[in-house]
Amino acid sequence: MATPIVVPPVGCPNQDLTVSLWLARVGEQVFAGDRVVELLMPGIIFDVESSCSGIITSYECQPGTKVREGNVLGWIEQEQLDS
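This report concerns the structure included in the present document.

Parameters and conventions
- Residues numbered from 1 in each chain as written.
- Predicted model: local features only at pLDDT ≥ 70, side-chain atom pairs only at ≥ 80, totals over all residues.
- Heavy atoms only, no water.
- Helix = DSSP H or I, 4+ residues; strand = E, 2+ residues; numbered from the N terminus.
- Rg over C-alpha atoms; globule rule 2.2 N^0.38 Å.
- Buried < 20%, exposed > 50% of the residue type's maximum accessible area, 1.4 Å probe, protein only.
- Contact = heavy atoms within 4.5 Å.
- Areas by Shrake-Rupley, 256 points an atom, 1.4 Å probe, with all protein chains shown as cover.
- Lys, Arg positive; Asp, Glu negative; His and termini not counted.
- Charge placed at Lys NZ, Arg CZ, Asp CG, Glu CD.
- Pairing = 2+ DSSP bridges.
- Phe/Tyr/Trp six-rings, centres within 6.5 Å; stacked < 30°, edge-to-face > 60°.

**Remarks on the overall build of the protein chain**
Piece 1. Helix and strand counts for the protein chain stand at 0 helices and 8 strands.
Piece 2. Relative to the 2.2 N^0.38 estimate, which gives 12 Å for 83 residues, the radius of gyration of the protein chain is 13 Å and therefore close to what a compact globule would have.
Piece 3. If you line up the protein chain on its principal axes, its C-alpha atoms span 45 × 20 × 15 Å.
Piece 4. Among the 83 residues that make up the protein chain, the fraction classed as buried is 30%.
Piece 5. For the protein chain, the proportion of contacts with a sequence separation of at least 24, taken over those separated by at least 6, is 59%.
Piece 6. For the protein chain, the exposed surface amounts to about 4900 Å²; the carbon and sulfur share of it is 52%.
Piece 7. Here the protein chain carries 4 positive and 11 negative side-chain charges, and the mean point of each set is 11 Å from the other.

**A few points about the sheet that holds strand 7 (residues 66-67)**
Piece 1. What the 4 strands build is an open sheet, ordered 5-4-2-7; its pairing is antiparallel. Two strands lie at the open edges of the sheet, namely strand 5 (44-49) and strand 7, each paired on one side alone.
Piece 2. Note that strand 2 (residues 17-22) and strand 4 (residues 35-41) share 4 bridges and pair antiparallel. Bridge assignment links T18 to a residue of strand 4, and that residue is L40.

**A look at the pairing of strand 8 (residues 72-78)**
Piece 1. Bridge analysis of strand 1 (residues 2-6) against strand 8 gives 5 bridges, and the strand direction is antiparallel. Note on strand 8: the bridge partner recorded for V6 is V72.

**Section: the environment of V7**
Piece 1. Tracing the backbone through its elements, the reader meets V7 in the loop between strand 1 and strand 2.
Piece 2. Sequence separation between V7 and C61 is 54 residues, and the spatial gap between their C-alpha atoms is 11 Å.
Piece 3. Among residues more than four places away in sequence, those in contact with V7 are L17, L39, V67, R68, E69, G70, N71 and L73.

**Describing the packing of aromatic side chains**
Piece 1. As enumerated under the stated definition, the model contains 1 aromatic pair in all.
Piece 2. Their ring planes at 15° and their centres at 4.1 Å tell us that W22 and Y59 sit as a pair that is stacked. Highlighted residues: W22 in strand 2 and Y59 in strand 6 (residues 54-59), separated in sequence by 37 residues.
Piece 3. Of the residues examined, W22 reaches a relative accessible area of 12% and is grouped as buried.
Piece 4. Looking at Y59, the relative accessible area reads 23%, which means it is partly exposed.

Written out as structure tokens, the structure reads:
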């Protein structure tokens, strides 16, 4: 199941943020809590964490893109657990 990587609430819903760089590449395995993308806003740099374990399948936003809270940054294909 594909899970979006979303810009989390930062306390300023109308503030533009800029995608600085991706810390995980498309095709790379990540685990819940891993830092996957760095965002910038004036005077602040922060990382967005993966909400699940899986494989990064795509980026919706490239470095330099302006985003806001709730925007989808990319996608993770969740790992299937064996029953």
